[in-house]
Amino acid sequence: MSDTQTQTPSRDDFASMLEASFAGQDLAEGSVIKGRVTAVENDFVTVDVGLKTEGRIPVREFTGPGSAAPAVGDDVEVYLERIENALGDAVISRDKARREESWDRLEKAFDKKEPVNGALVGRVKGGFTVDLGGASAFLPGSQVDIRPVRDVGPLMNIEQPFAILKMDRPRGNIVVSRRAVLEESRAEQRAELVGQLAEGEAREGIVKNITDYGAFVDLGGIDGLLHVTDMSWSRVGHPSEVVEVGATVNVQIIRINPETQRISLGMKQLMSDPWEGIAAKYPVNATFKGRVTNIAEYGAFVELEAGVEGLVHVSEMSWTKKNVHPGKIVSTSEEVDVMVLDVDSDKRRISLGIKQTQRNPWDVLAEKHPIGSTVEGEVKNITEFGLFVGIDDEIDGMVHLSDIDWNKSGDEAVKDFNKGDVVHAKVLDIDIEKERVSLGIKQLASDPMDEGGYRRNETITVTVSEITSGGIEVTFGDDNNMKSFIRKSDLSRDRDEQRPERFTVGAKLDARVTNIDKSSRRVSLSIKALEIAEEKEAVQQYGSSDSGASLGDILGAALKDATPAEAAEAKKPAAKKAAPKKAAAKEESADSGENFDKMTKAQLVEYAEANGIEIVKSAKVAEVRDVVKAAAGK
């Protein structure tokens, strides 16, 4: 080897010498190595890490919460990114060295599920940035505290414990929670405090929060629920009516759940129970004053005293208002008189009544308007079975269709009335138990049938009002307010005269009453029966058919000797209903007794009705014939 080759080393010789200079040092890129501060100038710190050149690190990487810039001669750990850059300088970092150190420490804490210390250093979208001693972590907003925090300013840059929820070293992601540490600490504290509490114990607490169902009370590091039903013996609409946030209250521990460590509190338990001896304080049938506290579909609650309420069922509110919402009878906060109907101290229930404190209007009605008296009222409603007329205190009486008019049918009579009409009616009946009043309008006037005093076999004067093929319709009475129908067969004894068309509307004539049926309000009339009766009377007075004298001879002799008035009375029926010779001959043959045997049952019945002979229509024809013959003296 020449001297030139010895003095000028080859590339391989240079590499060997470089490796020899690094002997004894672990200078692999991407690792943490130790170095010594050689200079601190302006914004940079120069560190010798044993390489051919020194590295420079910004001062800010050494400063931070709880740390200051190093001095010349201090040993520091740095992260070797590159042994030499393009300028020949070593590329080192204090932040990355600290980060690598922190990751090792944090991974150990994460495996052991131990909290780590850190500080909130900044705000980012959805949460905050936490410095965990070199490693940066993300703190979600929901994990800052147990309850939502509006202002996190007091928590910034203060070292405090955090729990690591998630770690991903390759990606450099760490998620931490402050809330988990607080909850764990709170759970330990809660368990310790719960162990110091006992059911039935009275404690003083501060109201921290109010909800619709109650309030949360702080008992000194642990919260208990004060339910709205345990705040007062009285009805409470909302907890804010009894307590307010920040107020100090005395409560009793009602129940402690050892599994969930939930505590139930009560205030009313520290007060005397108003239901003790309630039956003696509020005896049945006694009357008291109360205040309406609540109204429901089925009734109203009335407070008798603080903590004692009773229910007035809707059926016990009014004597007359049925199927009405309680809110239309009473109103909230109204003072009312109530009667105690029932007391159940075990179930803490009192049944009350309002209507019992007032006199039954049905009793008053019976006294004020006894049966037979006349009332005046407005037609409130018209139904298919009658009229409803208002009387007193919203009590309505009913006028049945059959009690509207004596002569008109109910369907016709009800058409004469309209809703709102003021009418007079007679009280027919009062049923207090069923709460019914029966009224009658037609009863204000006397029955036309009673007024006329009509009797069977009486002769009355009627007026023809209508002519039909089957007979004639006639009216009679003082005001022609009664009607009857005379059948064709009853128009005359003579069949030739039984023609309805021989009569004229408006004509007046006499007829005999053959039957009266008050239930159906029918008066049966017959002209034929009148003719037979008049002829029979004339024969009895002035002769018989056996004498050979005709009816004309008899009536002529009677009229000759009679006074002018008697003659006029005798001529009246004869002029209207004088029987022809054929009819007289038929009558004479019937009176002789021979014709009764030849008459049919129908003829015998018709003869009996015309002459007022009582027979049994269901009897046999022979029996009817015997009765008729006996009555005729044959």
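Note that this is a predicted model, so its numbers are computed, not measured. (Residues numbered from 1 in each chain as written. Predicted model: local features only at pLDDT ≥ 70, side-chain atom pairs only at ≥ 80, totals over all residues. Heavy atoms only, no water.)

**Notes on the overall build of the chain**
1) Next: Looking only at helices and strands, the chain has 14 helices and 30 strands in total.
2) Next: Classification of the 634 residues of the chain by burial places 37% in the buried group.
3) Next: Total accessible area on the chain is roughly 36,900 Å²; 47% of this is exposed by carbon and sulfur atoms. (Helix = DSSP H or I, 4+ residues; strand = E, 2+ residues; numbered from the N terminus. Buried < 20%, exposed > 50% of the residue type's maximum accessible area, 1.4 Å probe, protein only. Areas by Shrake-Rupley, 256 points an atom, 1.4 Å probe, with all protein chains shown as cover.)

**Quick look at the packing of aromatic side chains**
1) Next: Evaluated as defined, the whole model comprises three aromatic pairs.
2) Next: A centroid spacing of 4.9 Å and a plane angle of 70° characterise the contact between Tyr-282 and Phe-288, whose relative ring orientation is edge-to-face.
3) Next: According to the relative accessible area criterion, Phe-288 is partly exposed, its value standing at 24%.
4) Next: The interplanar angle of 85° and the centroid separation of 6.3 Å between the aromatic rings of Tyr-298 and Phe-301 together place this pair among those described as edge-to-face.
5) Next: Here Tyr-298 falls in the partly exposed class, since its relative accessible area comes to 43%.
6) Next: According to the relative accessible area criterion, Phe-301 is buried, its value standing at 17%. (Phe/Tyr/Trp six-rings, centres within 6.5 Å; stacked < 30°, edge-to-face > 60°.)

**Considering the sheet that holds strand 12 (residues 214–218)**
1) Next: Taken in spatial order, the five strands of this closed barrel run 11-12-13-15-14, and their pairing is mixed. Direction aside, neighbouring strands of the sheet carry axes that sit 55° apart on average.
2) Next: Looking at chain direction, strand 12 and strand 13 (residues 223–227) are connected through five bridges and run antiparallel. Within the sheet, the bridge partner assigned to Gly-214 lies in strand 13 and is His-227. (Pairing = 2+ DSSP bridges. Axes fitted to C-alpha atoms, helices over the stretch in contact; angles between N-to-C directions.)

**Digging into the confidence of the model for the chain**
1) Next: For the chain, mean pLDDT is 78; residues scoring 70 or higher make up 79% of the total.
2) Next: Within the chain, the lowest mean pLDDT, 40, falls on helix 12 (residues 581–591), and the highest, 93, falls on strand 20 (residues 349–353).
3) Next: Note that pLDDT drops below 50 for residues 545–551; the model gives that stretch six contacts with residues more than four away or on any other chain.
4) Next: Low confidence marks residues 557–594, where pLDDT is under 50. Its contacts with residues over four positions away, or in another chain, come to 32 contacts. (pLDDT = per-residue confidence, 0-100. Contact = heavy atoms within 4.5 Å.)

**Topic: helix 4 (residues 179–196)**
1) Next: Under the 1.5 Å per step criterion, the end-to-end length of helix 4 is 25 Å for 18 residues, consistent within 8% with the ideal 26 Å.
2) Next: For helix 4, the complete set of buried residues consists of Val-181, Arg-190, Leu-193 and Val-194.
3) Next: Of the surrounding secondary structure, the elements contacted by the buried residues of helix 4 are strand 9 (160–168), strand 10 (173–177), strand 13, strand 14 (248–256) and strand 15 (263–266). (Expected span 1.5 Å × (residues − 1).)

**Let's talk about the nonpolar core**
1) Next: Formed by 21 residues in total, the largest nonpolar core has its most connected members in Leu-387, Val-399, Ile-404, Val-437 and Leu-439.
2) Next: Breaking this core down by element, the ones donating at least two residues are helix 6 (361–368), strand 21 (374–383), strand 22 (386–390), strand 24 (422–431) and strand 25 (436–440).
3) Next: Here this core gets four residues from one element, more than from any other, and that element is strand 24.
4) Next: In terms of nonpolar packing, the next biggest core, distinct from the first, is built from 19 residues, Ala-109, Val-130, Ala-135 and Val-152 among them. (Core = buried A, V, L, I, M, F, W, Y, C linked by side-chain atoms within 4.5 Å.)

**Let's talk about the pairing of strand 25**
1) Next: As judged from the two bridges shared by strand 23 (residues 396–400) and strand 25, these two strands associate in the parallel manner. Note on strand 25: the bridge partner recorded for Met-398 is Ser-438.
2) Next: Pairing of strand 24 with strand 25 involves five bridges; the strand directions are antiparallel. Looking across to strand 25, one finds that Val-427 is bridged to Leu-439.
3) Next: Where strand 24 hands over to strand 25, the hairpin turn is made up of four residues, of which Glu-435 adopts a positive phi near 55°.

**Points about the sheet that holds strand 27 (residues 471–476)**
1) Next: Strand order in this open sheet of five strands is 28-27-26-29-30, and the pairing throughout is antiparallel. Strand pairing shows two members of the sheet lacking a second neighbour, strand 28 (482–487) and strand 30 (522–526), which therefore form its edges. The mean inter-strand angle of the sheet, taken between neighbouring strand axes irrespective of direction, is 50°.
2) Next: The sheet contact formed by strand 26 (residues 459–468) and strand 29 (residues 508–517) spans five bridges and is antiparallel. What sits directly across from Ile-460, in strand 29, is Ala-511.

**A short note on the environment of Ile-354**
1) Next: Within the secondary structure layout, Ile-354 lies in the loop between strand 20 and helix 6.
2) Next: Residue Ile-354 is classed as buried on the basis of its relative accessible area, which comes to 8%.
3) Next: Sequence separation between Ile-354 and Val-338 is 16 residues, and the spatial gap between their C-alpha atoms is 4.7 Å.

**Some words on the pairing of strand 26**
Consecutive residues of a regular strand have side chains that alternate between opposite faces of the sheet.
1) Next: Bridge count between strand 26 and strand 27: five bridges; the pairing is antiparallel. Along strand 27, the bridge assignment pairs Thr-463 with Thr-475.
2) Next: Linking strand 26 back to strand 27 in an antiparallel pair, the connection comprises two residues.

**Points about helix 6**
1) Next: For helix 6, the full list of buried residues reads Pro-361, Trp-362 and Leu-365. The buried side chains of helix 6 occupy one side of the element, clustering within an arc of 100° when seen end-on.
2) Next: By the N-cap criterion, in which a side-chain oxygen at the helix start approaches the backbone nitrogen of a residue two or three places on, helix 6 is capped by Asn-360, the distance to Trp-362 being 2.9 Å. (Arc of directions from axis to C-beta. Polar contact = N/O pair within 3.5 Å; in protein donor to acceptor, adjacent residues only side chain to side chain.)

**Looking at unusual backbone geometry**
1) Next: Here Asn-285, not a glycine, exhibits a phi torsion of approximately 75°, which is positive.
2) Next: Among the secondary structure elements, Asn-285 is positioned in the loop between helix 5 (278–281) and strand 16 (287–296).
3) Next: Here Asn-457, not a glycine, exhibits a phi torsion of approximately 70°, which is positive.
4) Next: Within the fold, Asn-457 resides in the loop between helix 8 (448–452) and strand 26.

**Digging into the pattern of salt bridges**
1) Next: Scanning the entire structure with this criterion turns up 15 salt bridges.
2) Next: As a salt-bridge pair, Asp-273 and Arg-348 come within 2.4 Å of each other at their nearest N and O atoms. Note that Asp-273 is positioned in the loop between strand 15 and helix 5 and Arg-348 in the loop between strand 19 (335–344) and strand 20, a separation of 75 residues in sequence.
3) Next: Classification of Asp-273 as buried rests on a relative accessible area of 19%.
4) Next: By sharing partners, the salt bridges in this structure join Arg-147, Lys-208 and Asp-223 into a single network. (Salt bridge = Lys/Arg side-chain N within 4 Å of Asp/Glu carboxyl O.)

**Considerations on the environment of Val-624**
1) Next: Position of Val-624 among the secondary structure elements: in helix 14 (residues 621–631).
2) Next: Since its relative accessible area comes to 1%, Val-624 is described here as buried.
3) Next: As for Val-624 and Ala-608, which are separated by 16 residues in sequence, their C-alpha atoms are 8.9 Å apart.

**Here we look at the environment of Met-317**
1) Next: Within the secondary structure, Met-317 is located in the loop between strand 18 (308–313) and strand 19.
2) Next: A sequence separation of twelve residues divides Met-317 from Ile-329, and the C-alpha atoms of the two residues are 7.5 Å apart.
3) Next: With residues up to four places along the chain from it excluded, the contact list for Met-317 reads Gly-299, Ala-300, Val-312, Pro-326, Ile-329, Val-330, Ile-354 and Lys-355.

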